[in-house]
Every structure is written in structure tokens, then in C-alpha cells.
Amino acid sequence: MTTMARNSFKREIPVFPAKARWIWLPEQEFPNAQATPVSYYTDHHGFAFGSAVFRQKVTLPERLDDCRLLVTGDSKYRLFVNGEIVCDGPPEIGGDWNNQEVPDWFFYESYKVAAPFRSGVNEVVAEVMPQGDSQCDYSTGHGGFRLALLEGDRLLLGTDENWECRFDTGRRPERIYFPEREPVTWTRAQYLAAAVSQRWKLRYYPLPPLAVQEVFPDQLNIRFGGERISGTEDFLGRRGPLVLRHGSPVTFALHFPTEVAGCAEFEMESAPGARLTVRYQEVEGFPHEYDEYCTNGGRVKFRFHSVEAVLWLEVSVVFASFGYEGYDDVRLYKLSMMSQGFPLGEAAPFHSADSSFSAIRKCCENTLRMCMQRLHWDSPVHKEGLGCLADYRINALQSYYLFGESRLMRLDLIRIALLLCQKQHLLFHTTYNALFPVMICEYILYSGDHTILEEPEIPQAVALVFAGLHQLEDGDGMLTRADNYMFLDWRAIGDCNYHHPDRSNGAASLTAFFALGLQAGVRLAEWQGTQDRAEQLRRAYNRIQENFHRHYFDAGRRRYRNGPDTDNAIPQTGILAILAGLAPQEIAAEIIDDLCDKTLQRQVQPYFCHYLFDALAAVDAYDRRGSEVLHLWDELVAEHPESLKECWDCGDYSHSWSGTPAIQFGKRILGVIPEAPGFAACRIAPKPCGLPYAAGSVPTPHGEIGIEWTRTAECFQIRIQHPRAVKIHFCPPDGYPLENCILKEKSD
């Protein structure tokens, strides 16, 4: 049985002992390796590029049951014990588009000591990279490393000036790795001054470590130099090396059983100077990034740093320029992907009479697994920051319905709140800000965790969002004074790109998003018992509702205009007007089919279809039109079954914001919708969408709600099995009066 993960964030938080202090490279010897670029968007010119390496030995007791490791590093680190990677980090800050402010928070993690730690002497080595790998990595502006190994409360090993260190310049900004040649010179680390150490406002990362699994290729396609490649079957079967005979470069492509997000790892033997280049591909022949390693000779095992989305690896090997006896040929013992993701179990089951729905759901699930890391990524290709929070909303709703997992969303909401509080302003995508209270409301409904409202940053950030959006209102409550009206959808018409529309093409949608946020804000205020605040937000919503239709509805063309001073009217505007309750009921019912038809013409992208589905439900049109919209995903799955494309006809893959069907199957086809926090009350309102039967389950904090229904023209029969703590309210599907329904309900 899949049960939604209960949040237990009030547990005791492990704390660094005072004797385990921040250390770094001594400034006198490495003056140019002290400062670090704050973010991906910082001009990296003038910063030292490479890795600070620290090492120390520790003797561990015979029993390791009570040993824990606390660790962090700025900006990124990898920790090795006895030559094996045991962890990396720290968890990403998140940030926002073009944000270059030093973060107000920085994470550290706790790990239970296990293999490759062993009783007796252990060598601990930390590789700390002063530069992040992606848009969501941030630094305080100075390198640092901190570690504590504890047995209960006793410090077994802590970072101090007895650690040895060096600066490895082998990691180059162009993603080429030149390992240093032995012997290398080590020196003593230094403590960081208190003024520097105070930069890191440490927060404990309360979530489990990522699940890492090694995935091996199952197919090899030769591109160039095939006459000098041998041992393919042994290599794929992991019985022996792939032998590459010396000569001109060779290139081949490795296919993996499924698309994964992870780091490439290889083990090879060669002469000094041989080069291995890997090009990461979601579709064969179309790389989105690469890494290269230049060997020192001999046998080496190495894992690249960056997490990438991979179904194919294109591999090129350039041989050493001069002959070295015994190493002229290259022997590739392995080239695998170390797949990683948030630890998730099996997805809740779902099946129906339409097998294509199962294929769509599986594609959504695999994409979500790739995007759920230490935060919700938009994709492992882009790795965008917290400013893209609407992506995270779709990811979170999928994780609720597929896995009953809410812990990662809780921390993402806190990260977003911390960023909003630090900036004291709205984030980059203006429309997304309005969804922040919506996401908090949904989190509480699905998890039952009211304690998130006790986190001081959450109510403060919600207040900042509402205050910031109120400043954009005109006298009628329409948001017409924004600096930008991003983001609406990936669509361009003429000179207008609706990624960042102007006032005339974005004001109506931004106002509708604000209305959605206000509705969620009313609910949050009522849950908190602040009725005055709820009434204040309700009045703000009512003002928008009273004026929106008058300002933006084009009675002649029967559609909602995008904003003032324009006749442009894209379907997204009308969808939001219906969803936010701003369109009168009779108008909403009248225009929904036109909006649906335009969606079928690909005028609405996969991400925005999430809003269309909710609009269809709002006007009781889901059962009639939902299936044909869901089947738009058939083409995406046929094109790339492994992960979801960003848009219908453009963009790359592994984008979980396109995964709304995974939500729809649980929320609409099975009909499971929470009506009170933590599913204390739950509405069961199936939308058959033409199917003769469907079955599956939805996780809740109390256990699974199991649904199985069948139907004929005359009768709808449903079996509901639910936890005793969940109060069920059954709503018959369209066309089936209650007397034509057979309900079998069982609680346990």
C-alpha cells in the first residue's frame, strides 16, 4: 500500500559541533582561490576555476550503527571515503532568473555512516568546487568546507587545520578535465575567520539522500572507426572491456534501457594523453551538452560532475599522440550512468480500457522521476531556479497523485518563501508569483500538514506576494501596471511572444492569476483563523470579479481579450477567466468548446492544458471533452516514449511541466479530490470520458483510496475502498442519476 509520506519536521535537528569549523585553502598560498562567483549569472571572469581538495584520516569503531556524518561545502562538493564517492551536495539554493544576490540560507545534510566506511582507518577526501553547475546553484561568495563525523554526541572527525589541502586546476570551464600528475603538493588547511564563516546561514536539509542507481548501456552503435573496435558483446554484457585499437579517433553511441537523469561514470585504461568525450543526448544524434576527460595514462575510474538527461551517450576517443608500450590501445571497462532522483517507491496503480492512457502515464512518471531531485527541476537539461515555480506546481501535483510524496514540495515552498523574503519583491515571472498561495493551499490539502503555516517565512512571503501584486492594480482591480507580464505560454503571434507579453497582451491573464491567488489566500486565512484577513482578500477578489468581464469580454466575437487597447484574444485568457470564476456561468458554458477546439489545434501548449482541464471541470464539460485533449499526448509519447517534450512542436524533453495527464487520471478519471486538509473529507467524482471501466488508487496520508468503476448506458457501478479516517462524498458522473448508480463502499 502506498501511503503519502507524513511530514515530521519537528524532530530533533542535528547540529555541527563547535570544534568542526569552516575551513578553506590558506589565503597566503592561494590568494586567487578565495572568492567564488555567487551564481550562474555572475560574470565568472577573474575567478579561479578548479577544485579545492581536502583529505584526512579517521579511525572508526568496530560498530558503526550510531555514527552520522554532517557535511556541506560552497559551492558544490563531492565526498570520497576510501576512494568511493559517498555523497555530494549541498542541496540547491534554487534562486531566480538572473539573480546574483548572496543567499540568506545554505544547506547542510546528515548521512548515516555505512559502506564504504569501515571499522579501522578510513581516508576521507572532499572535492569542493567553487563554481556551481546550474542555474539553481549558489555561493556565498567565498569557498568553504565543513564536516563532522559523530558517534552519538562524540566527535570522531571534524574539519580543522589538521586537514591537508591542495587546489586542483584540472577541471576547466570548458568542461574538460585534466587530472593533475603525481606527485602533487599538499599543504595545511586554514580556519575561516568568523566574519567569513558567518556568511553561511546554515539550515538543515531534512529530506532523505537521493537514490542512486548505476544503469548500464544495452546497445552500441558504431559511428566511425568500427574496424578498430572489438569486444562489443563482452562490454555490453559486462564480461570484459571494449577494446579500441590505436589509430584515428573512433566514435560510437551507447543506448540505455530508459532515459535517466544522472552523471556519466567510466573506467578505462590508456596511454597518457588519450581523450574521452561524451555527448549527452535525449534523442540520438542531438547532443545538448558534453564532457571531456584527458587521461594521465594507466587505469582510471572517474565520474563527471554534471547531472544530465540521457537516453544516448555519443562517445569519441582520441588516442595518445605517442606510443607507450602496453597502453597504445584504449580499454574501456565500463561507461555507465549513475542515475539519481528523489527516493520514490512504486507509483500508485492505474489502468483503464484505453491502453494509450497507461503509456502516457508511464511517460509522465519517468519524467517526474528525472525532475524530482533535491528540488523540483523543470528538467535535468535546464535545471532552472525557484522563479519557475509554476513548473514545480505541476510536478508536486503529480507526486501527490502518483506517489503520495509531499516532503520535497514542502521544502521547495520554504525555499521560495525565503527567496521572496530576501528580495522583498516579486520573483522574475510575475504571473507565477500569484500561484505561490495556490501551491501552499494544495500542499496542505494533499498532505494535511498545517505546520507549514508556522514556518515564519511562509506567511511573510504570502503577504509580500499579495502586497506586490496589489501595487500593480488600477482603480478597478485590473493588474495593468506591471513591469512585465511573464509567463503565459510558449506561443508567439506576430510580434508578440506570450512568454513575455506586453501590457496589452498580458494584463487580463495576470489579473486572472491574481484572482486564483486571492481565492487560495482566503482559504489559507480561514485555516489560520484570521477572518479579517480572509474578508480583506475576499473583497479584493470580488472587485476583480465585478470588473473583469466588463473590461475584457468582446461581446461581438464572444471571447476574452488579452488586455486593454487590443483586440487580440488568445484561448489562454479565456481559460483563465473561466478557471478563476471571472466569466459569468452562461458565458463560460458558451465559450468552453471554442477554447477546447483551439487547444486541439495546438494553440495551447502541454503546460497550459493543466488550466484547461480545470476549466473544463468548472463548467461540467470534462466528461464530454477531456478525453480528446488527453489524447493530444499520444503524439508526444509516440515521438519520445521515455520522457515528455516541453511543447507540442518544439523544445527539448524531460520536462515534467507537461505531465498534467498523470494528475488527470487520478483526479478526474478516478475522481479523487481532497476537500479538507489531508483528505479528512474527499469527493469521489469520476469523469468516465467515454471509458467503459477504470481502476486504480490514490495515496493519502491515511492510506490508499482504491477506486474501481464500470459503466453501461444504463448503470454506473463503483467500488470505493478507503481508510476509515477519510470521509467520502460520492458525486455521480454526468448522465447517471444517483438511482442509476451502484455504490459499494468499504472503509478499513
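Predicted model only: the values in this text are computed from it and were never measured. (Residues numbered from 1 in each chain as written. Predicted model: local features only at pLDDT ≥ 70, side-chain atom pairs only at ≥ 80, totals over all residues. Heavy atoms only, no water.)

### Some points on the sheet that holds strand 10 (residues 164-168)
What the six strands build is an open sheet, ordered 5-4-7-2-10-12; its pairing is antiparallel. At either end of the open sheet lies a strand with only one pairing partner, and these are strand 5 (84-89) and strand 12 (187-188). Sheet topology note: the strand 10/strand 12 ladder contains two bridges and is antiparallel. Counted as the bridge partner of Glu164 is Arg188 from strand 12. (Pairing = 2+ DSSP bridges. Helix = DSSP H or I, 4+ residues; strand = E, 2+ residues; numbered from the N terminus.)

### Remarks on the pattern of salt bridges
Under the criterion given, the structure shown has 51 salt bridges. With a closest N to O distance of 3.3 Å, Glu101 and Lys423 form a salt bridge. Taken together, the residues span a long stretch of sequence, with Glu101 in the loop between strand 5 and strand 6 (106-112) and Lys423 in helix 5 (residues 407-423) at a distance of 322 residues. A relative accessible area of 24% means that Lys423 is categorised as partly exposed. Where salt bridges share partners, they join Glu84, Glu214, Glu265, Lys301, Arg303 and Lys334 into one cluster. (Salt bridge = Lys/Arg side-chain N within 4 Å of Asp/Glu carboxyl O. Buried < 20%, exposed > 50% of the residue type's maximum accessible area, 1.4 Å probe, protein only.)

### Concerning the environment of Val462
Within the fold, Val462 resides in helix 8 (residues 457-470). Val462 sits in the buried class, given a relative accessible area of 12%. Ignoring any residue separated from it by four or fewer positions in sequence, one finds Val462 in contact with Phe436 and Ile440. (Contact = heavy atoms within 4.5 Å.)

### Some remarks on the pairing of strand 5
For a regular strand, side chains alternate in direction, first toward one face of the sheet and then toward the other. Both strand 4 (residues 76-81) and strand 5 contribute to a ladder of five bridges, which runs antiparallel. In the sheet register, Val81 faces strand 5, and the bridge partner there is Glu84. The antiparallel pairing of strand 4 with strand 5 creates a hairpin that spans two residues between the two strands, and Asn82 there sits at a positive phi of about 55 degrees.

### Re the confidence of the model for the protein chain
Taken over all residues, the pLDDT of the protein chain has a mean of 95, while the share at 70 or more is 98%. Overall, residues 1-9 carries pLDDT values under 50, and its contacts beyond four positions in sequence, including any with other chains, amount to 38 contacts. (pLDDT = per-residue confidence, 0-100.)

### Topic: the environment of Asp502
Structurally, the position occupied by Asp502 is in the loop between strand 27 (496-497) and helix 9 (503-528). A residue is classified by how much of its surface remains accessible, and Asp502, at 43% relative accessible area, is partly exposed. When the C-alpha positions of Asp502 and Met486 are compared, they lie 8.6 Å apart, and in sequence the two are 16 residues distant. For Asp502, the residues in contact, after removing those within four places along its chain, are Tyr485 and Ala507. A distance of 3.0 Å separates the side chain of Asp502 from the backbone nitrogen of Asn505, its partner in a polar contact. (Polar contact = N/O pair within 3.5 Å; in protein donor to acceptor, adjacent residues only side chain to side chain.)

### A short note on the nonpolar core
With 193 residues, the main nonpolar core has Phe54, Phe145, Phe436, Tyr607, Tyr611, Trp633 and Ile684 as its most contacted residues. Element by element, the count of residues in this core is highest for helix 9, at 13 residues. Here Tyr611 is in contact with Ala390, Arg393, Leu435, Phe513, Ile575, Leu576 and Leu579, once residues within four sequence places are set aside. (Core = buried A, V, L, I, M, F, W, Y, C linked by side-chain atoms within 4.5 Å.)

### Considerations on the packing of helix 5 against helix 7 (residues 436-447)
Each pair of packed helices can be described by the angle between their axes along with the distance between the axes. Orientation of helix 5 relative to helix 7, taken along the N-to-C sense of each, is 150 degrees, at an axis distance of 11 Å. Considered as vectors, helix 5 and helix 7 are oriented roughly antiparallel to each other. Where helix 5 crosses over helix 7, the two elements pack in a sense that is left-handed. Within the contact between the two elements, helix 5 uses Met409, Arg410, Leu413, Ile416, Ala417 and Leu420 and helix 7 uses Phe436, Met439, Ile440 and Tyr443. (Axes fitted to C-alpha atoms, helices over the stretch in contact; angles between N-to-C directions. Parallel < 35°, antiparallel > 145°, perpendicular 65-115°, else oblique. Left-handed = near helix turned anticlockwise from the far one by under 90°.)

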